[in-house]
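Structural overview
Spelled out, the chains give:
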Amino acid sequence: MNRISPPEHNMSVVSMDRTFMREHLLPPVDVVYLYSILRGKARLIVIVMVLSVLAMLLFLQFVPPQYTANSQLMLDTRKERMTPVEGVVSNLDLTQAVLAGEVITIRSNVLLGEVVDNLDLVNVPEFDPRVPRGEGLLRKIKRGLLGGEKPHEYAARMPLETLRSWVINDVRGGLSVSQLGVSYAIGVSFQSTNPVLAAEVSNAVAEAYIQSQLSAKTEATSRANAWLSDRLDELSVQVEAADQDVVSFKAQMIEIANGNTESINQLLAELNTKLVTSSTERADAEVRLTQVETLMKSGGLSMVADVVTSPLLDTLQRQYAEIAASQAELASTYGPRHPDMIRIAAQISDINRSLEGELRRRLEAMRSEVIVTRNREAALQSQIQEISDRADSLAKASVRLNQLERTADATRLVYENFLSRFKETSAQADFQTPEARIIGRAEIPSAPSAPRKSLLLLTALFLGMSGTIAYVFIRNLVLSPVHTPEELSSVTGVPNLAILPYVRNYLSRFKWLRDELNGGGVTTYMEHVRAVRTALFDVSRMQKPKVLLVTSSVPNEGKSSLCCALSRIACNPRRSVLVIDADLRRPDLREALELPEDSPCLLEYLQGTIEANVLPVTSELAGADVISPRHSTRDAAELLLSPRFDELVSEMSEIYDLIIINAPPVLHLADALVLAQHADATLFVVKCGHTRARMVRNSVRRLEEGGADVVGTVFTMVRRADLAASQTDMYAYGY
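Residues numbered from 1 in each chain as written. Predicted model: local features only at pLDDT ≥ 70, side-chain atom pairs only at ≥ 80, totals over all residues. Heavy atoms only, no water.

**Let's talk about the nonpolar core**
By size, the foremost hydrophobic cluster in this structure holds 51 residues, and its most contacted members are Leu602, Leu648 and Phe715. By residue number, the principal contributor to this core is helix H24 (residues 671-676), which donates 5 residues. Discounting residues that sit within four places of it in the chain, Leu602 has contacts with Ile580, Asp581, Leu584, Leu615, Ile627, Ser628, Pro629 and Leu648. Grouped together as the second largest cluster of nonpolar side chains are 41 residues, Val503, Leu548, Val579 and Ile660 included. (Core = buried A, V, L, I, M, F, W, Y, C linked by side-chain atoms within 4.5 Å. Buried < 20%, exposed > 50% of the residue type's maximum accessible area, 1.4 Å probe, protein only. Helix = DSSP H or I, 4+ residues; strand = E, 2+ residues; numbered from the N terminus. Contact = heavy atoms within 4.5 Å.)

**Digging into the pattern of salt bridges**
A full pass over the atoms with the stated rule returns 20 salt bridges. Where Asp243 meets Arg412, a salt bridge forms, and the shortest distance between an N and an O atom there is 2.4 Å. Highlighted residues: Asp243 in helix H9 (residues 195-256) and Arg412 in helix H14 (residues 392-429), separated in sequence by 169 residues. Linked through salt bridges whose partners overlap, the residues forming this network are Asp117, Glu161 and Arg164. (Salt bridge = Lys/Arg side-chain N within 4 Å of Asp/Glu carboxyl O.)

**Things to note about the packing of helix H5 (residues 109-119) against helix H8 (residues 160-174)**
Where H5 contacts H8, the axes come no closer than 9 Å and their chain directions differ by 105°. Relative to H8, H5 is oriented roughly perpendicular. Contacts from Asn109, Leu112, Gly113, Glu114, Val116 and Asp117 in H5 reach Arg164, Val167, Ile168, Val171 and Arg172 in H8. A per-class count over the contact of H5 with H8 returns 5 nonpolar, 2 polar and 4 charged. (Axes fitted to C-alpha atoms, helices over the stretch in contact; angles between N-to-C directions. Parallel < 35°, antiparallel > 145°, perpendicular 65-115°, else oblique. Nonpolar A, V, L, I, M, F, W, Y, C, P; charged D, E, K, R; others polar.)

**What about H8?**
Its 15 residues give H8 an end-to-end C-alpha distance of 21 Å, which sits within 8% of 21 Å, the value for a rise of 1.5 Å per residue. Buried within H8 we find Leu163, Val167, Ile168, Val171 and Gly174. Looking down the long axis of H8, one finds its buried residues gathered within 145° of arc, a one-sided arrangement. When the buried face of H8 is taken as reference, the exposed residues oriented beyond 90 degrees from it are Glu161 and Gly173. (Expected span 1.5 Å × (residues − 1). Arc of directions from axis to C-beta.)

**A word on unusual backbone geometry**
Omega for the bond connecting Ala450 with Pro451 falls within 30 degrees of zero, at -5°, which places this linkage in the cis form. Mapped onto the elements of the fold, Pro451 is located in the loop between strand S4 (436-440) and helix H15 (453-479). For Asn556, which is not glycine, the phi dihedral falls at a positive 65°. As for its position among the elements, Asn556 is in the loop between strand S6 (547-552) and helix H19 (559-570). In this structure, His668 takes a positive phi of about 65° despite not being glycine. For His668, the position within the fold is in the loop between strand S10 (658-662) and H24.

**Let's talk about the sheet that holds strand S1 (residues 67-75)**
The strands making up a sheet associate through backbone hydrogen bonding, with each pair oriented either parallel or antiparallel. Read from one edge of the open sheet, 4 strands run S2-S3-S1-S4, paired in antiparallel fashion. Looking at which strands have only one partner, the edges of the open sheet turn out to be strand S2 (175-179) and S4. Looking at each pair of strands side by side, their axes are set apart by 25° on average, direction ignored. For S1 and S4, the ladder comprises 4 bridges, and the chain directions are antiparallel. From the neighbouring strand, Gln72 faces S4, where its bridge partner is Gly440. Sitting on the sheet, H8 is in contact with S2 and strand S3 (185-192), with an inclination near 50° to S2. (Pairing = 2+ DSSP bridges.)

**Brief notes about the packing of helix H16 (residues 485-492) against helix H25 (residues 693-705)**
At a closest axis distance of 9 Å, the pairing of H16 and H25 adopts a crossing angle of 45°. One way to sum up the angle between H16 and H25 is to call them oblique. As H16 runs across H25, the sense of the crossing is right-handed. Of H25, the residues touching H16 (which contributes Leu488, Val491 and Thr492) are Ala693, Val696, Arg697 and Val700. Tallied by class, residues from the contact of H16 with H25 come to 5 nonpolar, 1 polar and 1 charged. (Left-handed = near helix turned anticlockwise from the far one by under 90°.)

Here it is in structure tokens:
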């Protein structure tokens, strides 16, 4: 067999150059390259996007529509006061912490329990746990594995209180309470599959919150009234006892005061009367001063205004009320920065300062009054002390009488204060105002708020597209397939001889190939195979190969089709061609070329049962003779290493001008390396966008290490969307 034997030093230089090219010249990654990857998987991307949308549509068919009803509450900072009486429960001091607390209050189980009871939600089908409902697939599987009753059957055995707590949790799950912006308004939203029920629950929660405030005030006032009533009963008994003591002591003094002591007793009585009056005035002044100072410490001068009275204060308060009313009227029309509003605010500030000054003057007057009454009482006591020397017993009796009278007066004063407060709280019990009001009632929603079908469909479309694109790029990054002839040449270090288009096959596996071989194909496949023949046999400067080996990295890369097409193109009257199907593990040329089933078998020759001269079978489709096995074998490597195969190649080389050997894939098998020993040149086939670059590199390196002369590569199954398709004229072939 005439083999081309290049010098050893030239082979080593070529091998080093190819290795350097494979390891250091990597294909550039640019936008066009990335676009070609996506374009090649455009059909997959579109299919996944459509399936994502269809899956979302199917999901939406089983998701019941949800309706959301919204009501609004306003925490009112304005204090409505019918009488200048301090309430039992103080008004809210609105801060962010207070607002957060009110939101928690609205979501509390106590308030929601009132809503559940008022609307009887335990017996409403949407909330009643005893009503049968559909179970999800996962819940069914869990219940099937773990066992147990259905939810509605289990709920039927629960007490009403447990069902009520479940319903409260369900209501809390559908309820949303939040502050509206930075205002003092609170939004109450409820979501349900029933629009009417959603509006009812939202309004019921808002009304229950208002009612809870009124109830809290009413209960506190009632408790205060009950306590005051008990204290009044006790003080009434104490006042009667004190008055009775005074009357009894006066009767004793009448018995003691007789004779010459009448004038002294009369004088002493007059002084005692003045002393009692002075003590009473002093006690009253001290009580008033103490009350005013206590109010001033707790609430400032604004709280003192309700206790201290004077004509000037009355006038200033009337002016303040009139200006405040004008301000309220203008506030509904103008903003806070309007000149009229600013003017009125200034007037109010002036009145407030005047009120504050008058209150301070009245406070100083009350303090002076206390000092004066104290001094007056001290003077009277001094006079009584002087007269007491003349009538000790009568003086002692008078002192005792004064003590009793003061005790009675003090007890009566306390009684009157408690009685006044009792009347005030009793009046408040019938008129209570909440610190919040409803500014927006929930209307029955006309359209569902969830699921938002358009948004979900767009999301599914976007996720499907994004996921598929990510999958394509990750797959391309992990697998790193060869996409272009330049990339293939860079990986292998040998030139690419041709780019073969992908031909769609609808019927049998090789029908398209038979159509191409017969000349009935509609693609340019055979024209591109002719480029392989031209590169190998027509324009090549090297010696024409006698034995050509065709192999690939992995199966299904188009090497068998290339062998048949190349034999058809290479055959002519001056060149006889023989095709040997040496892929003994998966022979397919017999099926592709429709050779007779009873034709000689290559395996029988290798096993020594027939001779070589009967093996060739003429194929009109291939235009050449073909030697192929009828079935596969597991002993392929041993048979190809046998001397009979070497004899077969040598004998056929003398008969035919060209022998094309269809070899098995290189990776994981030694068959191709064995066959490469009989070939003058090796043609390496790579499937576009499918075979990994590392597999191609390892396969070529393995062939070269085994002594094969890889003269070129053929890029097969190039689709119209592939980047490699733009480098050749493939518009004529169909898909």
